[in-house]
Amino acid sequence: MGHPDVMNMVLDELKSRGTLGYETYAPYYVCSYAMHAFNLMNQGRRVYWESKKLPNLRLHIIFVAPPGGMKSYYLQQMGADEHAIFNNTTYSMNIKSNMNEATFVGSYVQQQGRYVERIGEARKYANDFILIDEFTALMDALKSNFNSQFGTQLLNGLDHGNLAKDVVGGATISYKTYFTLWGGIQPVKFDLSSGLGRRLCFMLNLPTKEQKRELGKAIWESRNKRPDENQTLKLTEEINAWTTTFDDVNRIDYDESVFEMYMDLDLEPYMYTCYDRLILGYHLSKGHIDSNLVLDVEDRDLYNLLMREYQWRRDIDRGPDLIQVAELIKEYGFQDKDGGDENKWYIKVSTINSVCQNLQMSIAKIHEKIEEMKRFGMLTNATKGLLCYEEG
């Protein structure tokens, strides 16, 4: 008996809903869900090891996009709504907003003259999903002196999952967590070699004016589309049954072609983890489940998924906020049609001042970005009041 192709089931369901960009973004959530379920199985059966250690094999997803860039849209479609794809499955979807170290790890509070533990979110949802619509709140907390320990605890929670802290009265809170994070954040520059960057799988959407219109059209056309309760229930049952088949796996090997791809892309070793988990999650989602599971990258859809992640990470490393400005210049600027360089765009400073609200930036803010792009050699002054952006 063959194993179900849950990836195609999910994509077909999203297509029926009229979900914009489902073929681009949804597969990452499906891979993440597969890895979450496989990780919990692996913690018990101890099938897959790395360097004689039992890894915490989760694939955390962060969607980088400006307001209106589909961050909330996809959280609603995949987990944060009554009829979301993975809502009501084996693992609960838990929507959160602001956190600090105490709410994340836990704390002790005084009640009626004695200290009692207040359970942290990482323990409460240790086997489930935590969904945060704006990861910015956590990023702000990492920079706050009040939450100076939060950064370390968050990184530990996202990586190996071992959390511990000393609390009042000489007590210690200590436990291991296996939650998976799905979140969103507005465009900022990450240092992907940092602890945070290494622990996350990024998606990126910097929509043009036309793409925003397409989203508006998709939302408009989705009006009065009612969920098929029977179809939703059937998909939920299929997903739950699918994850139980992971018990059939007794060994995992990565084909040499995977390492060759890493070499061709000149990936840093710390980046392997994200791609390893995307590859395993994809194979599981396609029903490639065997006792001795050999993973390769021959599937064209898988290869494209990996290449998108590779490009997104490169763009985020460059700074998605600067890429936004570059796209605005290309959209509202002009090129020299009389034999000019096809990689160069020109724009008047006055034009930038009039359209910067499209990026939710003030004039002062966008000029900060312009100066930064000049320092990086992305922008030059063509003539007074005219800027030149060169791509490449």
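Heads up: the structure comes first, above all this text.
Read on for an overview of the structure. Please read all numbers here as calculations on a predicted model, not as lab measurements.

1. Observations regarding the overall build of the protein chain
Secondary structure summary: the protein chain contains 16 helices and 14 strands in total. The globule rule puts the C-alpha radius of gyration for 392 residues at 21 Å, and the 23 Å found for the protein chain is close to it. With the principal axes as the frame, the protein chain shows a C-alpha extent of 65 × 60 × 50 Å. The burial tally for the protein chain puts 51% of its 392 residues in the buried class. The long-range share in the protein chain, meaning contacts at least 24 apart out of those at least 6 apart in sequence, stands at 73%. Within the structure as shown, the protein chain displays about 19,200 Å² of accessible surface, and the carbon and sulfur contribution to it stands at 45%. The distance from the centre of the 44 positive side-chain charges to the centre of the 54 negative ones in the protein chain is 6 Å.

2. Some points on the packing of helix H12 (residues 272-285) against helix H13 (residues 300-318)
Each pair of packed helices gets described by two things: the angle between the helix axes and the distance between those axes. The contact between H12 and H13 brings their axes to 11 Å, and the two run at 150°. Considering their axes alone, H12 and H13 lie roughly antiparallel with respect to each other. Judged by the sense of rotation from one axis to the other, the crossing of H12 with H13 is right-handed. Residue-level inspection shows Cys274, Tyr275, Leu278, Ile279, Tyr282 and His283 of H12 in contact with H13, the latter providing Asp301, Leu302, Leu305, Leu306, Glu309, Tyr310 and Arg313. Across the contact of H12 with H13, the residue classes break down as nine nonpolar, one polar and three charged.

3. A look at the sheet that holds strand S9 (residues 200-204)
Spatial strand order, S2-S5-S8-S1-S9: five strands in an open sheet with parallel pairing. In this open sheet, the two edge strands, each paired with only one partner strand, are strand S2 (93-96) and S9. Strand-to-strand twist in this sheet, taken as the mean axis angle between neighbours without regard to direction, amounts to 20°. Judged from the four bridges that link them, S2 and strand S5 (residues 129-132) form a sheet pairing that is parallel.

4. Examining H12
Here H12 spans 20 Å end to end across 14 residues, near enough to the 20 Å set by a 1.5 Å rise per residue. Within H12, 13 of the 14 residues are buried, which leaves the element mostly enclosed by the surrounding structure. Following H12 by one or two positions, Gly287 has its phi on the positive side, about 80°.

5. So, the pairing of S5
Neither face of S5 is open: one carries Phe129 and Leu131, the other Ile130 and Ile132, and all of them are buried. Pairing of S5 with strand S8 (residues 180-185) involves four bridges; the strand directions are parallel. Across the sheet, Ile132 pairs through a bridge with Gly183, a residue of S8.

6. A short note on the environment of Met7
You can see Met7 is positioned in helix H1 (residues 6-17). When the C-alpha positions of Met7 and Ala34 are compared, they lie 9.9 Å apart, and in sequence the two are 27 residues distant. Sequence-distant contacts of Met7, that is, excluding residues within four places in its chain, are made with Pro27, Val30, Cys31, Tyr282, Ser285 and Lys286.

7. Some remarks on H13
Its 19 residues give H13 an end-to-end C-alpha distance of 27 Å, which sits within 8% of 27 Å, the value for a rise of 1.5 Å per residue. Among the residues of H13, the N-terminal cap falls to Asp299, whose side-chain oxygen and the backbone nitrogen of Asp301 are separated by 2.8 Å. Positive phi shows up at Gly319, right after H13, with a value of about 115°.

8. Comments concerning unusual backbone geometry
Of note in this structure, Asn224 is not a glycine but carries a positive phi near 70°. Along the polypeptide, Asn224 turns up in the loop between helix H9 (209-221) and helix H10 (229-244). Judged by its relative accessible area of 79%, Asn224 is exposed. The phi dihedral of Asp266 falls on the positive side, at around 55°, and the residue is not glycine.

9. Here we look at the side chain of Asp276
For Asp276, the position within the fold is in helix H12. Buried charge without a salt bridge: Asp276, with Arg277 as the nearest opposite-charge side chain at an N-O distance of 6.8 Å. Ignoring anything within four residues of it in the chain, the contact list for Asp276 reads Tyr254 and Tyr262.

10. Remarks on the pattern of salt bridges
All told, the structure shown has 13 salt bridges when counted by the stated rule. A salt bridge links Arg123 to Glu117; the nearest nitrogen and oxygen atoms lie 2.9 Å apart. Overall, the relative accessible area of 28% leaves Arg123 in the partly exposed class. We classify Glu117 as partly exposed; its relative accessible area is 29%. Between Arg313 and Glu309 there is a salt bridge, with the nearest N and O atoms lying 3.2 Å from each other. Linking Arg313 with Glu309, this pair stays in helix H13, spanning four residues, or about one helical turn.

About the thresholds
Residues numbered from 1 in each chain as written. Predicted model: local features only at pLDDT ≥ 70, side-chain atom pairs only at ≥ 80, totals over all residues. Heavy atoms only, no water. Helix = DSSP H or I, 4+ residues; strand = E, 2+ residues; numbered from the N terminus. Rg over C-alpha atoms; globule rule 2.2 N^0.38 Å. Buried < 20%, exposed > 50% of the residue type's maximum accessible area, 1.4 Å probe, protein only. Contact = heavy atoms within 4.5 Å. Areas by Shrake-Rupley, 256 points an atom, 1.4 Å probe, with all protein chains shown as cover. Lys, Arg positive; Asp, Glu negative; His and termini not counted. Charge placed at Lys NZ, Arg CZ, Asp CG, Glu CD. Axes fitted to C-alpha atoms, helices over the stretch in contact; angles between N-to-C directions. Parallel < 35°, antiparallel > 145°, perpendicular 65-115°, else oblique. Left-handed = near helix turned anticlockwise from the far one by under 90°. Nonpolar A, V, L, I, M, F, W, Y, C, P; charged D, E, K, R; others polar. Pairing = 2+ DSSP bridges. Expected span 1.5 Å × (residues − 1). Polar contact = N/O pair within 3.5 Å; in protein donor to acceptor, adjacent residues only side chain to side chain. Salt bridge = Lys/Arg side-chain N within 4 Å of Asp/Glu carboxyl O.

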